[in-house]
Amino acid sequence: MSVTRWISRHSSRPVARAATAVLIGLGSAAATSACTTSGPSSGNTGYITGDGVVTTVAAADRVNLPDVSGDALGGGTVDLSDHLGEIVVVNVWASWCPPCRAEAPELVRAEGQLPQAAFIGIDTRDANVSAAEAFVREQKIPYDSIYDSDGSALLAFHGLLSPSSLPSTMVVDTEGRIAALVLGPVTADTLVGLVHDVAADS
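Let us look at the structure shown here.

So, how was this worked out
Residues numbered from 1 in each chain as written. Predicted model: local features only at pLDDT ≥ 70, side-chain atom pairs only at ≥ 80, totals over all residues. Heavy atoms only, no water. Phe/Tyr/Trp six-rings, centres within 6.5 Å; stacked < 30°, edge-to-face > 60°. Helix = DSSP H or I, 4+ residues; strand = E, 2+ residues; numbered from the N terminus. Buried < 20%, exposed > 50% of the residue type's maximum accessible area, 1.4 Å probe, protein only. Contact = heavy atoms within 4.5 Å. Polar contact = N/O pair within 3.5 Å; in protein donor to acceptor, adjacent residues only side chain to side chain.

**Details of the packing of aromatic side chains**
Thinking step 1. Counted by the stated rule, this structure contains 2 aromatic pairs.
Thinking step 2. Consider the rings of Trp93 and Phe135, whose centres lie 4.4 Å apart with planes at 15°: the pair is stacked. Linking Trp93 in strand β5 (residues 87-93) with Phe135 in helix α3 (residues 129-139), this pair joins segments that are 42 residues apart in sequence.
Thinking step 3. On the basis of relative accessibility, which here comes to 3%, the residue Trp93 falls in the buried class.
Thinking step 4. An angle of 40° between the planes, with centres 5.5 Å apart, marks the rings of Phe119 and Tyr143 as tilted. Of the two residues, Phe119 is situated in strand β6 (residues 117-124) and Tyr143 in the loop between α3 and β7 (145-148); the sequence distance between them amounts to 24 residues.
Thinking step 5. According to the relative accessible area criterion, Phe119 is buried, its value standing at 8%.

**Quick look at the environment of Gly151**
Thinking step 1. As for its position among the elements, Gly151 is in the loop between β7 and β8 (168-172).
Thinking step 2. Residue classification places Gly151 among the buried residues on the basis of a relative accessible area of 7%.
Thinking step 3. With near-sequence residues (within four places) excluded, Gly151 lies in contact with Thr124 and Arg125.

**Quick notes on the environment of Asp79**
Thinking step 1. Of note, Asp79 is situated in strand β4 (residues 77-79).
Thinking step 2. Residues Asp79 and Ile120, 41 residues apart in the sequence, show an inter-C-alpha distance of 9.2 Å.
Thinking step 3. With near-sequence residues (within four places) excluded, Asp79 lies in contact with Asp67, Val68 and Ser69.
Thinking step 4. A distance of 2.7 Å separates a polar atom in the side chain of Asp79 from a polar atom in the side chain of Ser81.

Take a look at the structure:
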């Protein structure tokens, strides 16, 4: 089975699908492609901006994700299992991460173009809830984010998504399986293309 990675800022559609095993390998490589942090703190500036490396997974090779849930910024709860039967875009971010701030308008634009997909954020290792809530207001983010101050919500993605990689974006298919992973900032065009491809496979 061939493996191809591509860079989201230079393309708007995936050109190949990769084996699930590649996602495991990408987890350890994520730290060199985006923000990195060593602990649950806010204000961390030790980051490297990535190029948005994309890996897609053929339907036959996808694995089910365990349930991911938690308290939402601004109140209430978010549970990924509530969206079974829908395509879900999961974006991992932090208010202190400059690439996350740069990426946010692209996510907002993509959300407006994808009424068939549910968007969920995971605000991870962000000790300052006020800063996180201000980020959401300033960026006009219309969807809920799990407030994951200690990184525990990301443990469900162990082996698939590195908890030290920010930003990262996953596209989850209608059966609750990871279909695509972007390490580093994603563009709206890339994300729209990925969701359309996953919808075509469903």
